[in-house]
Amino acid sequence: MSPILSAQNVNIYYGDKQAVRGVNLNVQRGTVNALIGPSGCGKTTFLRAINRMHDLTPGARVEGTILLDGENVYGAGVDPVVMRRRVGMVFQKPNPFPTMSVFDNVVSGLKLAGIRDSRRLMDIAERSLRGAALWEEVKDRLKTPATGLSGGQQQRLCIARALAVEPEILLMDEPTSALDPASTAKIEELMTGLKQVTTIIIVTHNMHQAARVSDTTSFFLNGDLVEHGVTDQIFTAPRDERTEAYVTGRFG
Ligand SMILES: Nc1ncnc2c1ncn2[C@@H]1O[C@H](COP(=O)(O)OP(=O)(O)OP(=O)(O)O)[C@@H](O)[C@H]1O
């Protein structure tokens, strides 16, 4: 099967400084993929290249090829805004739009895309909130401010907001690092279900989390992708001694 994402010789720079070096990575549809490695090794930098977030960072430059379902993400004529709809993103800290209600947060991307039909918006909002395992908790308070939700609920709201526009890939940058263990467990559980509707690439510092939720794992070190493989293999039989040192906790 052709990969949903194919990165080919990707180099990323901030000014003169190279943060990611020659990364080659294929990600299969309907899987969860974890990016692990010590602080500063380039995980977030690589993640942000996938939906062209570096376009917004002065001095940042991406070289090489990133194909989304065969289409060059950086190709001439590709609208970065459209690309960011196809590749959704959830950040470390929940960031619901603070002045909007729960409902308006979920449908914000749809409204921007010109969808106005209220029946349709409600259907998609319900489906997205169910997809983010939040519907039961918020169905009676859809019109209340999103800021009234707990941190864990706000993060699931951000996941619902990302799901509403049916992204082909969902990028998650340490999505549980600001959450308590119960909220973290809920989001980890939910990822398995999300594989039915999208493909997930998650940056995590937590190796137990990577081992629990992901199908494949990529180990980064100093801007290099050292090793990529099935998660079980990376954690139990790594091929590179640097991967072994990291997953056994000898540094990082
Ligand atoms: N906007 C920026 N401008 C300049 N250098 C940056 C910028 N963002 C990141 N870097 C540098 O690029 C390198 C990779 O950073 P990146 O944030 O991708 O690492 P990371 O593996 O995600 O780290 P962490 O796990 O701490 O989030 C680091 O040396 C970092 O200091």
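Above this text sits the structure in question.
Because the structure is a prediction, the values reported are computed rather than measured. Starting from 1, residues in each chain are numbered consecutively following that chain's sequence as written. Thresholds applied to this predicted model are a pLDDT of at least 70 for local features of residues and 80 or more for the giving and counting of side-chain atom pairs; totals over whole chains, interfaces and linings are not thresholded and use all residues.

**Student:** Looking at this structure, how should I read the overall build of the protein chain?
**Tutor:** Only runs of H or I of at least four residues qualify as helices and only runs of E of at least two qualify as strands under DSSP, and these elements are numbered from the N terminus. Counting secondary structure elements, the protein chain contains 10 helices and 10 strands. Computed over the C-alpha atoms, the radius of gyration of the protein chain is 18 Å, within 12% of the 18 Å expected from 2.2 N^0.38 for a compact globule of 252 residues. Principal-axis analysis of the C-alpha atoms gives the protein chain an extent of 55 × 45 × 35 Å. Note on burial: count the other C-beta atoms lying within 10 Å of the residue's C-beta; 20 or more is buried, 12 or fewer is exposed, in between is partly exposed, and C-beta positions come from the backbone. Buried positions account for 42% of the 252 residues belonging to the protein chain. C-alpha atoms define the radius of gyration in this analysis, and the globule rule sets the expected value at 2.2 Å times the number of residues to the power 0.38.

**Student:** Explain the nonpolar core here, please?
**Tutor:** One recurring pattern in soluble globular proteins: nonpolar side chains tend to sit buried together. Among buried residues, those of type Ala, Val, Leu, Ile, Met, Phe, Trp, Tyr and Cys that are joined through C-beta atoms within 7 Å form a set called a nonpolar core. By size, the foremost hydrophobic cluster in this structure holds 63 residues, and its most contacted members are Ile50, Ala160, Leu171 and Ile201. Among the elements that make up this core, the one with the highest residue count is helix H6 (residues 151-164) (seven residues). Here contacts are defined at the residue level, using C-beta atoms placed from the backbone and a cut-off of 7 Å between them. Other than its neighbours up to four places away in sequence, leucine 171 contacts Leu47, Ile50, Asn51, Val87, Gly88, Met89 and Ile201.

**Student:** Before we go on, may I ask you to explain the packing of helix H4 (residues 118-131) against H6 in this structure?
**Tutor:** Two packed helices can be described by the angle between their axes and the distance between those axes. Viewed as axis vectors pointing N to C, H4 and H6 meet at an angle of 130 degrees, and their least axial separation amounts to 8 Å. The angle between the axes of H4 and H6 places the two elements in the oblique class. The element H4 and its partner H6 pack so that their crossing is right-handed. Contacts from Ile124, Ala125, Ser128, Leu129 and Gly131 of H4 reach H6 at Ala160, Leu163 and Ala164. Under this grouping Gly is polar, as are all residues other than the nonpolar Ala, Val, Leu, Ile, Met, Phe, Trp, Tyr, Cys and Pro and the charged Asp, Glu, Lys and Arg. For the contact of H4 with H6, the per-class residue count stands at six nonpolar, two polar and no charged. What counts as an axis is a line fitted to C-alpha atoms, over the stretch in contact for a helix, and the angles between N-to-C directions run from 0 to 180 degrees. Roughly parallel covers angles under 35 degrees, roughly antiparallel covers those over 145, roughly perpendicular covers 65 to 115, and oblique covers all other angles. Rotating anticlockwise by less than a right angle from the far helix to the near helix defines a left-handed crossing, while the corresponding clockwise rotation defines a right-handed one.

**Student:** What am I meant to see in the site of the ligand here?
**Tutor:** Proximity of a residue to a molecule or strand is defined by its backbone-placed C-beta atom lying within 6 Å of that partner. Not every one of the 13 residues close to the ligand is listed here, only the nearest: Tyr14, Ala19, Ser39, Thr44 and Thr45. At the level of secondary structure, the elements contributing two or more residues to the shell around the ligand comprise strand E2 (17-27) and helix H1 (43-50). Ranked by residue count, the leading element in the shell around the ligand is H1, at three residues. Broken down by class, the residue content of the shell around the ligand amounts to three nonpolar, eight polar and two charged.

**Student:** So what exactly am I meant to see when it comes to H1 here?
**Tutor:** Because each turn of an α-helix spans 3.6 residues, side chains separated by three or four positions in sequence point in the same direction. Burial of H1 is extensive: eight of the eight residues sit out of reach of the surface. Every buried residue of H1 is accounted for by Lys43, Thr44, Thr45, Phe46, Leu47, Arg48, Ala49 and Ile50. Directly after H1, the chain includes arginine 52, whose backbone phi takes a positive value near 60 degrees.

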